[in-house]
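As a plain string of letters, each chain reads:
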Amino acid sequence: MIKKICYLAFISFFLVINVAQANSNIVYVDIDFLIKNSNIGKASLDKLETINKKNIKKLTDREVELKKNESDLKNKQNIISTDQFNEEVNLLKEKIKLYNSEKDKMVNDFNKIKVEEINILMNKFNSVIQAYMNQNSIDVVLDKKNIFIGKVSSDITKIILEEINIKF
């Protein structure tokens, strides 16, 4: 008797799971792939790379200038008076301090621009994905990096990529 009850409970449990799985339509998409391979994603990445290279060049130029000033100061150390040397050391320290604050500001500004660009991309991607979900009666779309394993047929990345490239 107990075996029959356990058997019925076991079978009904799997029937409920199968019904739940049959009623939900879950797919996944690789957002990183979309960013790297879509036309608007490539444009955003190029924009960010250009800004980053410009910032690095500015910082490198300033760093070279500061190192030159430091070596010039070391060469003058035995030639100029101690007071004048200390004054020039303090000026160099101020320049280094200013350089570091400009570097921090540049990094923060770049990070803000990066976040804004990604948010703009994600909003555009979301509109395309939402339209695809509505057209194909999809309940849930997950990001591929959060999927351990799934059917290849559940991957809609290439379809979404085509849609994004057509729309934008």
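Relevant structure appears above.
Anyway, here's the lowdown on the structure attached to this text. (Residues numbered from 1 in each chain as written. Predicted model: local features only at pLDDT ≥ 70, side-chain atom pairs only at ≥ 80, totals over all residues. Heavy atoms only, no water.)

Describing the overall build of the chain
Of regular secondary structure, the chain possesses 5 helices and 2 strands. For the chain, the succession of helices and strands along the chain, N to C, is α-β-α-α-α-β-α. Per-residue burial over the chain gives 22% buried out of 168 residues. Of the roughly 12,700 Å² of accessible surface on the chain, 58% is carried by carbon and sulfur atoms. (Helix = DSSP H or I, 4+ residues; strand = E, 2+ residues; numbered from the N terminus. Buried < 20%, exposed > 50% of the residue type's maximum accessible area, 1.4 Å probe, protein only. Areas by Shrake-Rupley, 256 points an atom, 1.4 Å probe, with all protein chains shown as cover.)

Some details on the packing of helix α3 (residues 39-76) against helix α4 (residues 82-136)
Between α3 and α4, the shortest axis-to-axis distance is 11 Å and the interhelical angle comes to 175 degrees. In terms of their interaxial angle, α3 and α4 are classed as roughly antiparallel. Its residues assigned to classes, the contact of α3 with α4 shows 16 nonpolar, 5 polar and 13 charged. (Axes fitted to C-alpha atoms, helices over the stretch in contact; angles between N-to-C directions. Parallel < 35°, antiparallel > 145°, perpendicular 65-115°, else oblique. Nonpolar A, V, L, I, M, F, W, Y, C, P; charged D, E, K, R; others polar.)

Details of the environment of Gln77
Within the element layout of this structure, Gln77 appears in the loop between α3 and α4. What makes Gln77 partly exposed here is its relative accessible area of 41%.

Observations concerning the nonpolar core
Membership of the largest hydrophobic core comes to 17 residues, with the highest contact counts inside it found for Val29, Leu34, Phe125, Ile160 and Ile164. Elements supplying a minimum of two residues to this core: β1 (26-29), α2 (31-37), α4 and α5 (157-167). Among the elements that make up this core, the one with the highest residue count is α4 (6 residues). When sequence neighbours within four positions are dropped, the list of residues in contact with Ile164 reads Leu34, Ser38, Ile40, Phe125 and Val128. Ranked by size, the runner-up nonpolar core spans 8 residues in total, among them Leu73, Ile80, Tyr99 and Met106. (Core = buried A, V, L, I, M, F, W, Y, C linked by side-chain atoms within 4.5 Å. Contact = heavy atoms within 4.5 Å.)

Any functional reading would require information beyond the geometric quantities listed.
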